[in-house]
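Observations on the three-dimensional arrangement
Each chain, letter by letter, is given below.
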Amino acid sequence: MMKRQRQPLMWSLPLALLAMWLMLNDSLALGQWLLGIALVMFVILTSASMRPLRARLRRPWVMVRLAVHVLIDITRSNFEVLGIILGPAERRRHGGFLEIPLDLRDPHGLAMLAAIVTSTPGTVWADLSADGTVLTLHVLELKDREYWLRTIKQRYERPLMEIFE
């Protein structure tokens, strides 16, 4: 007898969609519950074929550590960008593009890296080479290229490789 693989987050998306439906309609009426459940089922069934590749998550403790690092970096970046915006007008900005060689190949890991980089104020994922080996990043305050290379490679890419590859 084949054992079913445990999927602890399996119900999180349908429940989140249903909760969003109920909040948007501002009603807990039975009809809204039934319509929301029908809508959620429709979305799940019709979108399943669009996602043939499943993510395989490894090392959940690394995910927790990465989430803490990302939250700290986002908070710190918010204050740094605020200082740039509200700081003296004569303060020279050193924005620019940076090319970062990537070892990460998993599409889910790359998507997470894009979300992390874009969520951090002052940085934007600008391009990924056609072969997926070079990330072009725009940084608002690019004074130290080595710092940014180290940050992306060690703080984000390495944990994502541990999680997804």
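What this report covers is the structure whose coordinates are included nearby. (Residues numbered from 1 in each chain as written. Predicted model: local features only at pLDDT ≥ 70, side-chain atom pairs only at ≥ 80, totals over all residues. Heavy atoms only, no water.)

**Regarding the overall build of the protein chain**
- The helix and strand tally for the protein chain stands at 5 helices and 3 strands.
- The order of α-helices and β-strands along the protein chain, N terminus first, is α-α-α-β-α-β-β-α.
- Classification of the 165 residues of the protein chain by burial places 28% in the buried group.
- Once local pairs closer than 6 in sequence are excluded, the contacts in the protein chain between residues at least 24 apart make up 70%.
- Carbon together with sulfur atoms contributes 66% to the accessible area of the protein chain, which is approximately 11,800 Å² in total. (Helix = DSSP H or I, 4+ residues; strand = E, 2+ residues; numbered from the N terminus. Buried < 20%, exposed > 50% of the residue type's maximum accessible area, 1.4 Å probe, protein only. Contact = heavy atoms within 4.5 Å. Areas by Shrake-Rupley, 256 points an atom, 1.4 Å probe, with all protein chains shown as cover.)

**Observations concerning the pattern of salt bridges**
- The tally for this structure, following the rule as stated, stands at 7 salt bridges.
- Between Glu80 and Arg76 there is a salt bridge, and its shortest N-O distance comes to 3.8 Å. Linking Glu80 with Arg76, this pair stays in helix α3 (residues 60–86), spanning 4 residues, or about one helical turn.
- Looking at Glu80, the relative accessible area reads 45%, which means it is partly exposed.
- Among the ionic pairs, Glu157 bridges to Lys153, the shortest N-O distance being 2.7 Å. Of this pair, Glu157 and Lys153 are both found in helix α5 (residues 145–164), 4 residues apart, which corresponds to roughly one turn of the helix. Just as Glu157 is buried, Lys153 falls in that class too. (Salt bridge = Lys/Arg side-chain N within 4 Å of Asp/Glu carboxyl O.)

**Focus: the nonpolar core**
- One finds Leu66, Ile100, Leu113, Leu135, Ile152, Tyr156 and Leu160 to be the most contacted residues of the largest nonpolar core, which totals 24 residues.
- If you list the elements that add at least two residues to this core, you get α3, β1 (96–101), α4 (107–119), β3 (134–139) and α5.
- In terms of residue count, α5 provides more of this core than any other element does, 7 residues in total. (Core = buried A, V, L, I, M, F, W, Y, C linked by side-chain atoms within 4.5 Å.)

**Considering the sheet that holds β1**
- The antiparallel open sheet is built from 3 strands, whose spatial order is β1-β3-β2. Edge positions in the open sheet fall to β1 and β2 (123–128), since each of these has one partner strand only. Here the average twist between neighbouring strands, direction ignored, is 30°.
- Both β1 and β3 contribute to a ladder of 6 bridges, which runs antiparallel. The residue of β3 that forms the bridge with Pro101 is Val134.
- Strands in contact with α4 are β2 and β3; relative to β2, the strand with the most contacts, it is inclined by about 145°.
- Docked against the sheet, α5 engages β1, β2 and β3, running at close to 45° with respect to β1. (Pairing = 2+ DSSP bridges. Axes fitted to C-alpha atoms, helices over the stretch in contact; angles between N-to-C directions.)

**Looking at α3**
- A rise of 1.5 Å per residue sets the reference length of α3, with its 27 residues, at 39 Å; its end C-alpha atoms lie 39 Å apart and thus fit the reference within 8%.
- Among the residues of α3, Val62, Leu66, Val70, Asp73, Ile74, Ser77, Val81 and Ile84 are the ones counted as buried.
- On the buried face of α3, the contacting elements are α4 and α5. (Expected span 1.5 Å × (residues − 1).)

**A closer look at the packing of helix α1 (residues 12–25) against helix α2 (residues 30–47)**
- Running from amino to carboxyl end, α1 crosses α2 at an angle of 135°, the nearest separation of the two axes being 9 Å. Between α1 and α2, the interaxial angle falls into the category oblique. Our pair here, α1 against α2, has a crossing hand that is right-handed. Here Pro14, Leu17, Leu18, Trp21, Leu22 and Asn25 of α1 lie close against α2, whose contacting residues are Gln32, Trp33, Leu35, Gly36, Ile37, Leu39, Val40, Val43 and Ile44.
- Along the lines of polarity and charge, the residues of the contact of α1 with α2 split into 12 nonpolar, 3 polar and no charged. (Parallel < 35°, antiparallel > 145°, perpendicular 65-115°, else oblique. Left-handed = near helix turned anticlockwise from the far one by under 90°. Nonpolar A, V, L, I, M, F, W, Y, C, P; charged D, E, K, R; others polar.)

**Looking at a nonpolar patch on the surface**
- Taken together, the side chains of Leu28, Leu30, Trp33, Leu34, Ile37, Met41 and Leu45 define a hydrophobic patch exposed on the protein surface, amounting to about 770 Å² of accessible area.
- Mapped onto the secondary structure, Leu30 falls in helix α2. (Patch = residues over 30% accessible without salt bridge, like charges linked within 9 Å, V, L, I, M, F, W, Y side chains within 5 Å.)

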